[in-house]
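Fold and geometry: a report
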Amino acid sequence: MRNPFELDAAKVAEYEKKYKDAVQPSLSEDVQAVGAFQRTGQYVLTIPIVGQIGLVFYLLYQSLHKRRAGSLPMNFLLAVTPEKVHAFKYRQGGYGKIKVVAVWQRSEIAVASTVDGAISSTVTFHISEDGEPQKIVCNTGKLSMNPWSAGVLELLGGRASGGERPDGSDTAPGGGSAGA
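Summarised in this report is the structure supplied together with it. Here the residue index of a chain counts from 1 through its sequence in written order. Under the rules for a predicted model, residues below a pLDDT of 70 receive no local features and side-chain atom pairs below 80 are neither given nor counted, while totals for whole chains, interfaces and linings still include all residues. Where side-chain values are given, they derive from all heavy atoms of the structure, hydrogens and water being excluded.

Notes on the packing of aromatic side chains
Put simply, the rule is: Under the pairing criterion, centres of Phe, Tyr and Trp rings, with the six-membered ring standing for Trp, must be within 6.5 Å; the plane angle then separates stacked pairs below 30 degrees from edge-to-face pairs above 60, leaving the rest tilted. Only DSSP runs of H or I reaching four residues or more are called helices, and only runs of E reaching two or more are called strands; each is numbered from the N terminus. We call a residue buried when its accessible area falls under 20% of the maximum for its residue type, exposed when it is over 50%, and partly exposed in between, using a 1.4 Å probe and counting protein chains only.
Scanning all chains against the criterion turns up four aromatic pairs. Between Phe-37 and Phe-125 the ring centres are 6.1 Å apart and the planes differ by 70°, which places this aromatic pair in the edge-to-face class. Highlighted residues: Phe-37 in strand β1 (residues 33-39) and Phe-125 in strand β6 (residues 120-129), separated in sequence by 88 residues. Phe-125 shares its class with Phe-37; the two are buried.

What to know about the nonpolar core
Rules: By nonpolar core we mean a set of buried residues, namely Ala, Val, Leu, Ile, Met, Phe, Trp, Tyr and Cys, connected to one another through side-chain atoms within 4.5 Å. The contact criterion used throughout is that any non-hydrogen atoms of two residues lie within 4.5 Å.
In this structure, Phe-37, Leu-78, Trp-104, Phe-125 and Leu-156 are the most contacted members of the largest nonpolar core, which totals 21 residues. Mapped by element, the contributors of at least two residues to this core are β1, β2 (75-80), β3 (84-91), β4 (94-105), β5 (109-116), β6, β7 (132-141) and α4 (147-155). Residue contacts for Leu-156: discarding those within four places in its chain leaves Val-80, Val-85, Arg-106, Ile-109, Ala-110, Val-111 and Phe-125. Counting residues in hydrophobic clusters, the runner-up holds 13 residues, among them Tyr-19, Ala-36, Phe-88 and Trp-148.

A look at the pattern of salt bridges
Close approach of charged atoms allows side chains with opposite charge to pair. Test applied: Any Lys or Arg side-chain nitrogen found within 4 Å of a carboxyl oxygen on Asp or Glu counts as a salt bridge.
Following the criterion strictly, the structure yields four salt bridges and no others. Put simply, Lys-20 and Glu-16 hold a salt bridge, and the shortest N to O gap is 3.3 Å. Residue Lys-20 and its partner Glu-16 are both found in helix α1 (residues 9-23); the two are separated by four residues, about one turn of the helix. A residue is classified by how much of its surface remains accessible, and Lys-20, at 22% relative accessible area, is partly exposed. A salt bridge links Asp-21 to Lys-17; the shortest N-O distance between them is 2.6 Å. One end of the pair, Asp-21, and the other, Lys-17, are both in helix α1, four residues apart, so they sit about a helical turn from each other. Linked through salt bridges whose partners overlap, the residues forming this network are Lys-11, Glu-14 and Lys-18.

Notes on α4
Short version of the rule: Directions are taken from the helix axis to each C-beta atom, and the arc is the one they span.
Of all the residues in α4, the buried ones are Trp-148, Ser-149, Val-152 and Leu-153. The buried residues of α4 occupy one face: seen down the axis, they fall within an arc of 135°. Positioned one or two residues after α4, Gly-157 has a phi angle of 120°, which is positive.

Now the structure itself:
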């Protein structure tokens with residue numbers, strides 16, 4: 001009997017093709033990996049009591065998490081090419097309606113940490129834009145069931161296995177400072 005939690009190779013290939021076909025027309029380089037990500041904190045907004053707290057809470061909550069995600073949209077694709085990483089705004093299921101919202105050199109972005117939760121993984125990226133270090137925190141589907149986003153993270157430094165961040169400092173596993 002087939003494991004219901006095991007990914008079907010045909011489905012993996014189908015979605016990988018959908019993602020790549022959606023972003024490739026906007027890019028001049030070949031796409032090496034594409035994965036879907038979203039801002040953190042979206043699951044809390046689905047709790048019914050949150051809707052009763054009010055609009056002000058909702059707007060403050062959204063603002064906080066938008067800042068943590070480097071002003072990236074609610075749902076976005078990260079596409080890795082040989083030289084750059086591109087972020088695309090997209091609507092889940094609407095692969096044809098995407099728009100580039102950010103572009104970084106690959107040398108400017110690295111995975112700082114990943115934390116697996118019950119249904120999703122929280123990913124922290126360190127980015128160096130114009131010499132200024134920045135941190136972006138976002139979610140993606142649980143990496144053990146999400147080979148597309150796992151491929152993006154692998155190309156950008158893996159699952160926080162340590163190494164050098166874009167600002168030149170070292171990190172130890174888990175995103176902490178190697179000297180701490």
